[in-house]
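# Structural overview for review
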Amino acid sequence: MSRATTVFSPGFVAVALVLLVVAALPLFVESGYFLSYTINVLQYGALATAWTLFSGPTRYISLATTAFFGIGAYTVAVLSEVLPWGGVLLVAALVGVVLALIVGLSTLRLSGVHFVIFTFGLSELIRQLVTWYEVNITKSIGRYIFLDITQQQIYWQLLALLSLALFAGWLIRRSRLGLALRVIGEDEHVARHLGINTTRAKVLLFVISATFMTLVGAVMSPRWTYIDPAIVFNPIVSFQVLIMSLLGGVGHLLGPLAGVIPLTALFEVLSANFPNHFAVLLGVTFLVIVYLVPNGVLELIRGWLRSSRQGGKGGQA
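The present account deals with the structure reproduced in this document.

Before going further, it helps to spend a moment on the nonpolar core. General note: in soluble globular proteins, nonpolar side chains tend to be found buried as a group. Counting 86 residues, the largest nonpolar core has Phe 68, Ile 126, Leu 158, Phe 206, Val 216 and Phe 267 as its most contacted members. Sequence-distant contacts of Phe 206, that is, excluding residues within four places in its chain, are made with Phe 54, Ser 62, Phe 68, Ala 100, Val 103, Gly 104, Leu 108 and Phe 115.

In structure tokens, the structure reads:
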């Protein structure tokens, strides 16, 4: 099979067509609520896909999503009046890369619960440092962002980030890096014995994942007009991304989207109707997902299809 045939496979073409249709929706649907809701879907879709780029193959559970998301938002708040929008996004990406390199080189030798705890602590540490700087240096707790960026433009920029994250995941899965990461996920000790530079592979993918998260935070920041550390470094974002990814299935490129679409609607309803109990209900949702669909919805559907085919063959025999 030629490379061109592989690239333009039916699945690849189908996803590309769906993304084109989604890109055209704001031109035909004028509902403000629809645009607001789909921006939330695209935001979490891009974050969950970026999270799965690293955590899917390596099986490292990261809770640092909100750290990079918040860094991206604050980069915009600081530089939006100094640089053009393209320059702000470039600086945000570079800040995300530098932070991810520092974190990756210093922590990716950890594994299991130690890595989970460190990434959660990292997000809280950055939030506290930003809060201290704002209170003691700038003498204010938040910042205003005044940019002439419409909701439609935010929508298309998030869709572009989601598309790039999906394409990056598609390329990585077909590369030597993807193979190395799958071996690392199965058994890191075996990977080292096979001559794989596990630290370099993990750090590289962690940087790619974190850069997408940082850019999502940067793109989302003009939507709020006002931000403070409690808004953009909210740890619930990290847990929501984790839950959405697990529901869809981290073993599949489109798995995060299968979790993002239903859970975004569910969380919208819960936050609107039970704002004082949202964290508790979020925890219950997490437990239910882990118990009922530990491998994700897509893997569950694949298992059902496999069983039905085997049953059909058995009946014919």
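The next point concerns unusual backbone geometry. Even without a glycine there, the phi angle at Arg 59 is positive, about 65°. Looking at the secondary structure, you find Arg 59 in the loop between helix H3 (32-58) and helix H4 (65-79). With relative accessibility at 54%, the residue Arg 59 sits in the exposed group. Of note, the phi angle at Lys 139 is positive, near 65°, even though the residue is not glycine. Considering the arrangement of structural elements, one finds Lys 139 in the loop between helix H6 (113-138) and strand S1 (143-144). Judged by relative accessible area, Lys 139 falls into the exposed class, the value being 67%.

Next up on the list: the packing of helix H12 (residues 235-248) against helix H13 (residues 255-273). Contact geometry for H12 and H13: axes closest at 6 Å, N-to-C directions at 125°. If you check the angle between H12 and H13, you find them oblique. Crossing of H12 over H13 shows right-handed handedness. Taking contact as the criterion, the partners of Gln 240, Ile 243, Met 244, Ser 245, Leu 247 and Gly 248 in H12 are, on H13, Gly 255, Pro 256, Ala 258, Gly 259, Val 260, Pro 262, Leu 263, Thr 264 and Phe 267. Grouping the amino acids of the contact of H12 with H13 by side-chain chemistry returns nine nonpolar, six polar and no charged.

A few words on the pattern of salt bridges. Summed over the entire model, instances satisfying the criterion amount to two salt bridges. For Arg 127, the salt bridge goes to Glu 124, with nearest N and O atoms at 2.6 Å. Pair noted here: Arg 127 and Glu 124 are both in helix H6, with a separation of three residues, about one helical turn. Arg 127 gets classed as partly exposed once you look at its relative accessible area, which sits at 22%. The residue Glu 134 makes a salt bridge to Arg 143 at a minimum N-O spacing of 3.1 Å. For Glu 134, a relative accessible area of 1% corresponds to the buried category.

Rules used throughout
Residues numbered from 1 in each chain as written. Predicted model: local features only at pLDDT ≥ 70, side-chain atom pairs only at ≥ 80, totals over all residues. Heavy atoms only, no water. Core = buried A, V, L, I, M, F, W, Y, C linked by side-chain atoms within 4.5 Å. Buried < 20%, exposed > 50% of the residue type's maximum accessible area, 1.4 Å probe, protein only. Contact = heavy atoms within 4.5 Å. Helix = DSSP H or I, 4+ residues; strand = E, 2+ residues; numbered from the N terminus. Axes fitted to C-alpha atoms, helices over the stretch in contact; angles between N-to-C directions. Parallel < 35°, antiparallel > 145°, perpendicular 65-115°, else oblique. Left-handed = near helix turned anticlockwise from the far one by under 90°. Nonpolar A, V, L, I, M, F, W, Y, C, P; charged D, E, K, R; others polar. Salt bridge = Lys/Arg side-chain N within 4 Å of Asp/Glu carboxyl O.

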